Amino acid sequence: MSRSTDILAPSRYAAAITSPNEHALIPDALLSRVDLIRLAAAQRLDVSQRTALGQFMTPLPVARLMAGMFEPRGNAIRLLDAGAGVGSLTAAFVAERCQRHDVNRIEVTAYEVDPVLVEHLEETMRQCKETCSAAGITFTSRVVREDFIDEGVRAINGDLFGTASKERYDAAILNPPYRKLRADGPERRALQQIGVEAGNLYTAFLALVTRLLVDGGQLVAITPRSFCNGPYFRPFRDDLLGRMSLRRIHVFERRDHLFKGDDVIQENVIFAAERAKKHGATVLISSSAHADDEGATERAVPYEEVVRPRDPERFIRLTTDGLEADIAARMDRLPASLTSLGLEVSTGRVVDFRARPFLRRDPSKECVPLIYPGHCKNGLVSWPRHAFTKPNAIIDTPRTQDLLVPAGTYVVVNRFSAKEEKRRVVASVFDPKRVPCERVGFENHLNYFHAGGAGLSARLAWGLSAFLNSTLVDAFFRQFNGHTQVNATDLRSLKYPSKDSLERLGSRVREKWPDQNALDGMVEEELFPMATENNVDPVRAKRKIDEALQVLKDVGVPREQQNERSALTLLALLDLKPGGTWAEVSAPLRGITEMMDFFQAEYGKKYAPNTRETVRRFTVHQFVQAGLAVQNPDEPSRPTNSPNNVYQVPDEVLALLRSVGTPQWKAELGKRLKRIGTLQERYAHERTMQRIPVTVAPGKTITLSAGGQNVLVKQILDEFCARYTPGGQVIYIGDTDEKWAYFDKEQLATLGVKVEEHGKMPDVVVFHQAKKWLVLIEAVTSHGPVNPKRHAELKTLFNKAKVGLVFVTAFLDRKTLNKYLGDIAWETEVWVADAPTHLIHFNGERFLGPYEK
């Protein structure tokens, strides 16, 4: 090893590479390193392969949250991680145990079939072992490169690996793959050997894991919420609830945050359960916007409210706070069922691609109406629709009789709610007076209510539609339905008002369909005239929170503040109670604690006392920045860290918010935004002002996002290149925000290199024209030196280059270099920005030059 002037003693380097990595000895550092392993693996995975295997790797905050849900049990733990990926969940479990010091031995069995992930998984296991060793914990691991379903079935049958093995586990942590299983596929056939029926990989994994746990064994898993309801998952719910006792379920308010890098937008839950024949008294239901949200709410709910003993479908109902509990209580008091009302609900019979020969775009004498969700608007079926992309009619022939129902008044409900639809349950009335016909067809994306296959009375139909469209039903439905699909089974499970109540309600809405506020008021008056749960009207409270959330979106607060906590904060600052109106809002002076007291007293939302700082830092602070609130208007000189800080909505904003819900709202808001802009725009402008300018060619300058590694990238271009690649041509620069910040694709191609996967590119690529070198530079501020693995990757990526390759790792300072000294590959160079005139060369006979391929 040599360098330009400084000399790094070989003995010091040897010590660096033979002693345990200091970062692996600290639980938090273990998680940071494993998260970098996860990111590196994600760049190497083939996208189509990930889809085929249903791979969605677990982000670090989610892994931390899951690991914290295990209860202490014994001194030794046998842990199962099925579908382990790179081992993020195991690492989080190890870190948690090391921090708690509650075990002295951990034995891990991790299953993973992807060879790319296995390589990273084995590195994670090594890091876990070093971390446990430093904490005085014995750690052993076994990475199984076999299909978990096959191996799990063998284990349960008692012949794992051809022996009579009965290996069982004390704990299991998993983020199982998500993919539907073919009815005739090998996985389904294997599972049927042990009596398991599963239509999805994630339920198959869970069913196996529950059988591999010892009595009292603990399971913590993150899965789609879809298993909580619906006929499709009924066998799985029976199986899970028959073997496991639910201890905790965590719900996420935002569906687009957890796996946003993988474009996963479905609702997910984390649940913790214990292998037990009897369930516990309560289930802890917690809720947060995202995994690292400090403002989580928690509520201990009686087990019978989560899984109702008399519910034949065994739906899992999630009430995250007192407000939702009040909504559930109201629905539970309703006296009727569909059966007692003499009604049924079915799925539309017309599957359009099967009936295509009989479908017609425009009506004719030989046709009858065909109703799609697109025909439903404002509580009514409007037919036909012109310029409609779907057929309007179906031919009435003997071959289509089974697809049609007799003319009558029906209530139809969309089976899938559109993204722009605020309600999950959207009902409309099919009125034969408005659509005269002898028969009608309902397309398969609709459910329809009927009386023994025929229509309903008009008043009953209109009342039923009004009830289904209420905020009460929507809020209750979301407690057990975690996706946008509305199944007929879900609708059958609801309790309903009496026939008389529905008919009275129908008489009120039949002439003119009311807006949402008026409709909810009618439902309240007809069904709950004496309701006083905790003096909080749950429907009005829910509606007011939704209104406040929409106001925040309209005024342009960042997405991080578009949540329930921020909506409640706005309502508290305006002293706007559930029964109040926007026209009468006021501007009291309130501190954070007073706001949180308001949340609970007026809206039934109780946050833990330690959430106070979260409200201040992640809501009120942004409100002040956006001009929605001012701090200490009564005493501007009050210190910012004073416990007596108070906040108030300024007069100008108060006047604006009094127009919410009126025709003037949009116009007045537009004037304000034109004058001051949104906070989102202000943040974006500040980020633009802070961007780092770099010169990539004579007369050509680009800007990089502020922070991260880009400060170092600028020094590489300004200092390193000026000294070591004079006259060199910049080929590529990766930005923290934008991978392709600068890329001269044509020039790289002339050098023989065509790059398809930009995620594997180094941070900077420079062509040293004088020496015919392609210099590949990694900028390291927190991760990513040219280690042996990265060295091999880069040589593979640039293996067709017509010029020599030089590999450089750049650091901001020698302190950072010391952290990664043991990772750097031989035959590479190191440059440190705080000593720009020196290079460190690792081994080899050449100094700053290429080697033979």
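Look up a bit, the structure's there.
Note that the structure is a prediction, hence the values are computed from the model and not measured.

Draft legend 1. Structural context of the pattern of salt bridges. This structure, assessed with the given rule, holds 47 salt bridges. Linking Arg-508 and Glu-525 is a salt bridge whose minimum nitrogen-to-oxygen distance equals 2.9 Å. With a gap of 17 residues between them, Arg-508 in helix H17 (residues 499–509) and Glu-525 in helix H18 (residues 516–527) connect regions that are remote in the sequence. For Glu-525, a relative accessible area of 48% corresponds to the partly exposed category.

Draft legend 2. Empty space enclosed by the protein, seen in detail. Counted under the stated rule, the structure contains 4 cavities of 30 Å³ or more. For the second largest cavity, the calculated volume is near 50 Å³. Surrounding the second largest cavity, Phe-70, Glu-71, Arg-73, Ile-77, Phe-93, Arg-97, Asp-170, Ala-171 and Gln-218 form its lining. Elements supplying a minimum of two residues to the lining of the second largest cavity: helix H5 (88–100) and strand S5 (169–174). Of the residues belonging to the lining of the second largest cavity, the class tally is 4 nonpolar, 1 polar and 4 charged.

Draft legend 3. Region of interest: the sheet that holds strand S16 (residues 393–395). Read across the open sheet, the 5 strands follow the order S12-S16-S13-S20-S17; overall the sheet is mixed. Two strands in the sheet have a free side with no partner beyond their single neighbour: strand S12 (359–360) and strand S17 (404–406).

Draft legend 4. The arrangement of the sheet that holds strand S6 (residues 213–224) in detail. Here 9 strands make up an open sheet; going across it, the order is S4-S3-S2-S5-S6-S8-S7-S9-S10 and the pairing mixed. The open sheet is flanked by strand S4 (138–144) and strand S10 (297–302), the only strands paired with a single partner. Taking each pair of neighbouring strands and ignoring which way they run, the sheet shows an average axis angle of 15°. Where strand S7 (residues 244–252) meets strand S9 (residues 282–288), 5 bridges bridge the pair, whose relative direction is parallel. When the bridges of S9 are listed, Val-251 appears paired with Ser-287. Running at roughly 170° to S4, helix H6 (residues 115–134) makes contact with strand S3 (105–111) and S4 of the sheet. Against the sheet, helix H10 (residues 234–243) contacts S7 and strand S8 (268–275), and its axis sits at roughly 120° relative to S7.

Calculation notes
Just so you know, the residues in each chain are numbered from 1, in the order the chain's sequence is written. For a predicted model such as this one, the threshold for reporting local features is a pLDDT of at least 70, and the threshold for listing and counting side-chain atom pairs is 80 or more; totals across whole chains, interfaces and linings nevertheless cover every residue. Excluded from the side-chain calculation are hydrogens and water; included are all heavy atoms of the structure. Salt bridges are defined as contacts in which a side-chain nitrogen from Lys or Arg sits within 4 Å of a carboxyl oxygen from Asp or Glu. Starting at the N terminus, helices and strands are each numbered in turn, a helix being any DSSP run of H or I of at least four residues and a strand any DSSP run of E of at least two. Accessibility here uses a 1.4 Å probe with only protein chains present; expressed as a share of the type maximum, an area under 20% marks a residue as buried, one over 50% as exposed, and anything in between as partly exposed. Computed over the protein atoms alone on a 1 Å grid, cavities are sets of points where a 1.4 Å probe fits but cannot get out and pockets are open sets with protein on both sides within 12 Å along at least five of seven lines; a residue lines them when it has an atom within 4 Å of a point. Grid points are joined across faces, edges and corners, and a volume is the space filled by probe spheres set on the points. Polarity classes work like this: nonpolar for Ala, Val, Leu, Ile, Met, Phe, Trp, Tyr, Cys and Pro, charged for Asp, Glu, Lys and Arg, and polar for all others, with Gly in that last group. For two strands to count as paired, DSSP must find a minimum of two bridges between them. With axes taken as lines fitted to C-alpha atoms, and helix axes fitted only over the stretch in contact, angles between N-to-C directions fall between 0 and 180 degrees. Here a residue-residue contact requires only that any non-hydrogen atoms of the pair lie within 4.5 Å.

Everything listed is a geometric property; what it means functionally is a separate question.
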